[in-house]
Amino acid sequence: MTRVLPRIGWIGLGDQGAPMARAVAEAGYPLHAYARRKASFGVLDGVPYEAHDSVTELGAHSDVVGLCLSDDPDVREVATAGGLLESLAPGSVLVNHGTGLPSFAVELAGLAAPYRVEVVDAPVSGGHAGAAEKRLTVLVGGDPEVVARVRPVFETFATTIAHLGGHGAGQTGKLLNNTLLMANQENIAELLDVAGRLGLDLPALVDVIRAGTGSSVALQSLGRAITTDNAEHLSRLQLIDMDIYRKAVASLGDEVGALTDRAVAGAQALPRLARLVSG
C-alpha cells in the first residue's frame, strides 16, 4: 500500500528557508509555497511545487506549514491577520522555524488552539551551508505526539533533531546555542589579542588551533563561512539574537548578566576577528 505523504506548505524562501523547502520537495513531499514577490519562487527551480497567491490559499492546501520568517511579529502577522490559522484544517500543524522568544512560542500555541491547529517551535542551526547540505540541527518544542508526526519532514533537511520539551523549549535551546557560539567568539578575540602581543602569526595560529583540542565551531567558521565580506552583516544578526536572549532570561536576574555581556562582546568582535584571520 502506497503511503500518502502530508502536504507541506512553506512560507519564507530566504537564505535558509529556500534550501529547506527544496529538501522537502526532493524527498517527495507535495510542496506548496507562498511568497509576496513572484520572483522569489525562482529559488525552487528544478523541484516540484505549487505556488499560491495568498497565505489562506496555501493554508487550505497544506497539512503542515513551515514558517521561515525573520521575527516573531512577522509570524504573528501571517498566522493571524494574514489568515493562516483560519485557513488550516483542524489537526494541521504549524511549525515555526524562525528564532524568537520562548514566550511567543507559547502565545502562538494559544492563538492556534481555537482553530484546533497544533504548533511546534523548531528553530534551526547550521546556516545556509547546513541547509544546502541537509545537515541542519533542529531544536524542537511542542507536544511529543505532534513532534513525532513532523519529525520525518525535519529529517529531509536535518541530521540532528532534538525535542527539548514543551512549547518554547526549542526557542530556549536555540538561544542558548547562539549565546555559547558568541561567547566563544569573545574567547577567540581575547586569545588572538594575546597572541598578537606575543608576536605570533595569527592566521597560522588559527589554523593550528583548528586542528587541535582548542577548536570550536566559532573558530572553524572564521575565514570560511564568516569572511570580511559578510562579518558585519552576521554581527548585526547575532546582536539581534542576543537582544532576544536578553529578554528571554530577564526573569533570572543579574546572575546571568556576565554570560550575556560576554556573548554580546563576541558578536561585536566578529568583524575584527574576520579581519585578523584573513591576515
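Up top is the structure.
Predicted, not measured: the structure shown is a model, and the values here were computed from it.

So, the packing of helix α3 (residues 72-79) against helix α5 (residues 102-112)
Their axes nearest at 11 Å, the elements α3 and α5 cross at an angle of 5°. Between α3 and α5, the angle falls in the class roughly parallel. Of the residues in α5, those touching α3 at Asp 72, Val 75, Arg 76 and Ala 79 are Phe 104, Glu 107 and Leu 108. Of the residues that constitute the contact of α3 with α5, the class distribution is four nonpolar, no polar and three charged.

Thoughts on a nonpolar patch on the surface
Side chains of Val 194, Leu 198 and Leu 200 sit close together on the surface and give an oily, nonpolar patch of about 300 Å² of accessible area. Checked against the element boundaries, Val 194 lands in helix α8 (residues 169-197). Overall, the relative accessible area of 44% leaves Val 194 in the partly exposed class.

Describing the nonpolar core
Soluble globular proteins tend to pack their nonpolar side chains together in the buried interior. Among the nonpolar cores identified, the biggest contains 34 residues, and Trp 10, Val 120, Val 138, Phe 154 and Phe 157 are the most heavily contacted of them. Mapped onto this core, the elements with two or more residues apiece are β1 (8-11), α1 (17-26), β2 (31-34), β5 (93-96), β8 (136-141), α7 (144-154) and β9 (158-165). Residues contacting Val 138, with those up to four places away along its chain left out, are Ala 122, Pro 123, Val 124, Phe 154, Phe 157, Ala 158, Thr 160, Ile 161 and Ala 162. With 20 residues, the next largest nonpolar core counts Leu 58, Ala 79, Leu 88 and Phe 104 among its residues.

Quick notes on the pairing of strand β6 (residues 118-121)
Note that β5 and β6 share four bridges and pair parallel. Its bridge partner lying in β6, Val 95 is registered against Val 120. Traced from β5 through α5 to β6, the parallel crossover comes out right-handed.

A short note on the side chain of Ser 235
Relative to the elements of secondary structure, Ser 235 occurs in helix α11 (residues 231-248). Sequence-distant contacts of Ser 235, defined by excluding residues within four places in its chain, comprise Ala 267, Gln 268, Leu 270 and Pro 271.

What counts, and at which threshold
- Residue numbers restart at each chain and count upward from 1, following the sequence in its written direction.
- Local features in this predicted model are restricted to residues whose pLDDT is 70 or higher, and side-chain atom pairs enter the listing and the counts only when it is 80 or higher, whereas totals over whole chains, interfaces and linings include all residues.
- To obtain the side-chain values, all non-hydrogen atoms of the structure were included, while hydrogens and water were left out.
- Note on definitions: angles span 0 to 180 degrees between N-to-C directions of axes, and those axes are lines fitted to C-alpha atoms, for helices only across the stretch in contact.
- Each helix is a run of H or I in the DSSP string that is no shorter than four residues. Each strand is a run of E no shorter than two, and both are numbered from the N terminus.
- Put simply, angles under 35 degrees are roughly parallel, angles over 145 are roughly antiparallel, angles from 65 to 115 are roughly perpendicular, and the rest are oblique.
- Contact between two residues is taken to exist if any of their heavy atoms lie within 4.5 Å; hydrogens are not considered.
- Classification convention: Asp, Glu, Lys, Arg as charged; Ala, Val, Leu, Ile, Met, Phe, Trp, Tyr, Cys, Pro as nonpolar; all other residues, Gly among them, as polar.
- Put simply, a patch holds well-exposed residues, over 30% relative accessible area, that have no salt bridge, with like charges counted together within 9 Å and Val, Leu, Ile, Met, Phe, Trp or Tyr side chains within 5 Å.
- Using a 1.4 Å probe, accessible areas were evaluated by the Shrake-Rupley method; residue-level cover was limited to the displayed protein chains.
- Should a side-chain nitrogen of Lys or Arg be within 4 Å of a carboxyl oxygen of Asp or Glu, the pair is scored as a salt bridge.
- The buried label goes to any residue with under 20% of its type's maximum accessible area, the exposed label to any with over 50%, and the partly exposed label to all in between, with areas taken from a 1.4 Å probe on protein chains only.
- Throughout this description, the term nonpolar core refers to a set of buried Ala, Val, Leu, Ile, Met, Phe, Trp, Tyr and Cys residues connected via side-chain atoms within 4.5 Å.
- When DSSP finds at least two bridges between two strands, those strands are taken to pair.
- When the strands point away from the viewer, a crossover counts as right-handed if the path from the first strand over the helix to the second runs clockwise.

So far we have only geometry, and geometry alone does not tell us how the molecule works.
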